Amino acid sequence: PLYSSAASDVYKRQAYISIERKRREFGVHLTSVGIFKKFIFPEVKNTLYNYTWIDLFAGEGNLILPILDAIPKDARIDFFKDHIFLFDIQKEMIERSIENAKNYGIPEEIARKNIQLRDTLQDYPDFKHLKYPPYHITNPPYLYLGYIAKNSERNLKYFSGPNEGYQDLYQIALINDLRHNLEKMIYIIPTNFLFGFSVSNKIRKDFFPFYNIKKAIIF
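Keep in mind that this is a model prediction, so the values were computed, not measured.

Caption draft 1: A nonpolar patch on the surface, seen in detail. A cluster of nonpolar side chains, Leu194, Phe195, Ile213 and Ile218, forms an exposed patch at the surface whose accessible area comes to about 390 Å². On the secondary structure map, Ile213 appears in the segment after helix H9 (201-207).

What follows is the structure, encoded as structure tokens:
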């Protein structure tokens, strides 16, 4: 569509407000395909058929779906069925991921089976049925607890019970993976996971007895 300059400015402001609202409410920070191709794909390209590639906070699917670029077109549907599962809490993002999968030649009915609406912070999927072990690549939500208490009350529920003491949504995501025995993960998270003081002491204490960081890129 064509917009006049004034109409275009209004559209851009509305889009910006929508993005900012989702950041405040859900801790959403979308990742570009370029980030995946530059920093992540080189680390996994030789093991594509060995794992089921999952993203529990998939957004538009940009950290998983570009794997299909490396799969021959006539094999993509079968690969997708067995090797890709995406989840997100927002229906809008699920629809975007499904459209992106269709652009890779995945039929909509197949895409909808493996791209699902789900609040994975509260309702972790069961991966026991997978043919291949899960490998979690994600940019999880991040909102710190102090901000949530003032501005995003819906997220307080995640910090009760066994999650009491954690300070950020991304920490809940990490500990959920640990509790479900995931062995392979690539996370895009704030550097306070490594360099923060009291804000990250608990997650480091709980996480590092079980995991080693194989590689870290700070950008």
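That shown, we press on.
Caption draft 2: Seen up close, the layout of surface pockets. The computed volume of the largest pocket comes to approximately 1000 Å³. As for the largest pocket, its lining consists of 31 residues, of which Met185, Ile186, Tyr187, Lys215 and Ala216 are closest to the centre. Elements with a contribution of two residues or more to the lining of the largest pocket: helix H2 (33-44), strand S5 (184-187) and helix H8 (192-195). Residues of the lining of the largest pocket, tallied by class, amount to 23 nonpolar, three polar and five charged.

Caption draft 3: Highlighting the environment of Ser198. Turning to its location among the elements, Ser198 is positioned in the loop between H8 and H9. Each C-alpha atom, one on Ser198 and one on Gln167, is 9.1 Å from the other, the two residues being 31 residues apart in sequence.

Caption draft 4: View of helix H3 (residues 76-83). Taken as a whole, H3 has its buried residues at Arg76, Phe79, Phe80 and His83. The buried residues of H3 occupy one face: seen down the axis, they fall within an arc of 100°. Residues of H3 that are buried sit in contact with strand S1 (52-55), strand S2 (84-88), helix H4 (91-103), helix H5 (108-114) and strand S3 (115-117).

Caption draft 5: Molecular detail of the pattern of salt bridges. What the rule picks out here adds up to twelve salt bridges. When salt bridges that share partners are traced, they join Lys91, Glu95, Glu99, Lys102, Glu108 and Arg112 into one network.

Caption draft 6: The packing of aromatic side chains, seen in detail. If you walk through the whole model with that rule in mind, you get 14 aromatic pairs. Centroid distance Phe207 to Phe208: 5.7 Å. Interplanar angle 80°. Geometry classified as edge-to-face. Taking relative accessible area as the criterion, Phe207 reaches 6% and is therefore assigned buried. Here a set of aromatic residues connected by ring pairs shows up, and it is made of Tyr170, Phe193, Phe207, Phe208 and Tyr211.

Caption draft 7: Representation of H2 in the model. All of the buried residues along H2 are Ile35, Phe36, Ile40 and Val44. Viewed along the axis of H2, the buried residues span an arc of 85°, placing them on a single side of the element. Of the surrounding elements, those touching the buried residues of H2 are S1, strand S4 (134-138) and S5.

Caption draft 8: Region of interest: the sheet that holds S2. If you walk across this open sheet you meet the five strands as S3-S2-S1-S4-S5, and the pairing is parallel. At either end of the open sheet lies a strand with only one pairing partner, and these are S3 and S5. In this sheet, adjacent strand axes meet at a mean angle of 20° when their direction is disregarded. Both S2 and S3 contribute to a ladder of three bridges, which runs parallel. Bridge assignment links Phe87 to a residue of S3, and that residue is Gln116. Across the sheet, H3 touches S1, S2 and S3, and the angle it forms with S2 is around 60°. Contacts between H4 and the sheet are confined to S2 and S3, with S3 contributing the most and set at about 170° to the helix.

Caption draft 9: Fine view of the pairing of S4. Counting buried positions over the five residues of S4 gives five, a clear majority of the element. Here S4 shows no split at all, with Pro134, His136 and Thr138 on one side and Tyr135 and Ile137 on the other all buried. Pairing analysis gives three bridges linking S1 to S4, with the strands arranged parallel. Note that in S4 the partner of Ile54 across the bridge is His136. In this sheet, S5 lies alongside S4 in parallel orientation, the contact comprising four bridges. When the bridges of S5 are listed, His136 appears paired with Met185.

Caption draft 10: Main features of the nonpolar core. Trp53, Leu68, Phe80 and Ile137 are the most contacted members of the largest nonpolar core, which has 30 residues in total. If you list the elements that add at least two residues to this core, you get H2, H3, S2, H4, H5 and S4. Ranked by the residues each element gives to this core, the list is headed by H2, at four residues. Among residues more than four places away in sequence, those in contact with Leu68 are Arg76, Phe79, Phe80, Ile84, Tyr104 and Ile106. By size, the runner-up hydrophobic cluster in this structure holds 28 residues, among which are Leu56, Phe85, Ile172 and Tyr211.

What counts, and where the lines are drawn
Residues numbered from 1 in each chain as written. Predicted model: local features only at pLDDT ≥ 70, side-chain atom pairs only at ≥ 80, totals over all residues. Heavy atoms only, no water. Patch = residues over 30% accessible without salt bridge, like charges linked within 9 Å, V, L, I, M, F, W, Y side chains within 5 Å. Areas by Shrake-Rupley, 256 points an atom, 1.4 Å probe, with all protein chains shown as cover. Salt bridge = Lys/Arg side-chain N within 4 Å of Asp/Glu carboxyl O. Helix = DSSP H or I, 4+ residues; strand = E, 2+ residues; numbered from the N terminus. 1 Å grid on protein atoms, 1.4 Å probe; cavity = no way out; pocket = protein on both sides within 12 Å on 5 of 7 lines; lining within 4 Å. Points joined across faces, edges and corners; volume = space filled by probe spheres on them. Nonpolar A, V, L, I, M, F, W, Y, C, P; charged D, E, K, R; others polar. Buried < 20%, exposed > 50% of the residue type's maximum accessible area, 1.4 Å probe, protein only. Arc of directions from axis to C-beta. Contact = heavy atoms within 4.5 Å. Phe/Tyr/Trp six-rings, centres within 6.5 Å; stacked < 30°, edge-to-face > 60°. Pairing = 2+ DSSP bridges. Axes fitted to C-alpha atoms, helices over the stretch in contact; angles between N-to-C directions. Core = buried A, V, L, I, M, F, W, Y, C linked by side-chain atoms within 4.5 Å.

Taken by themselves, the reported measurements are silent on function.
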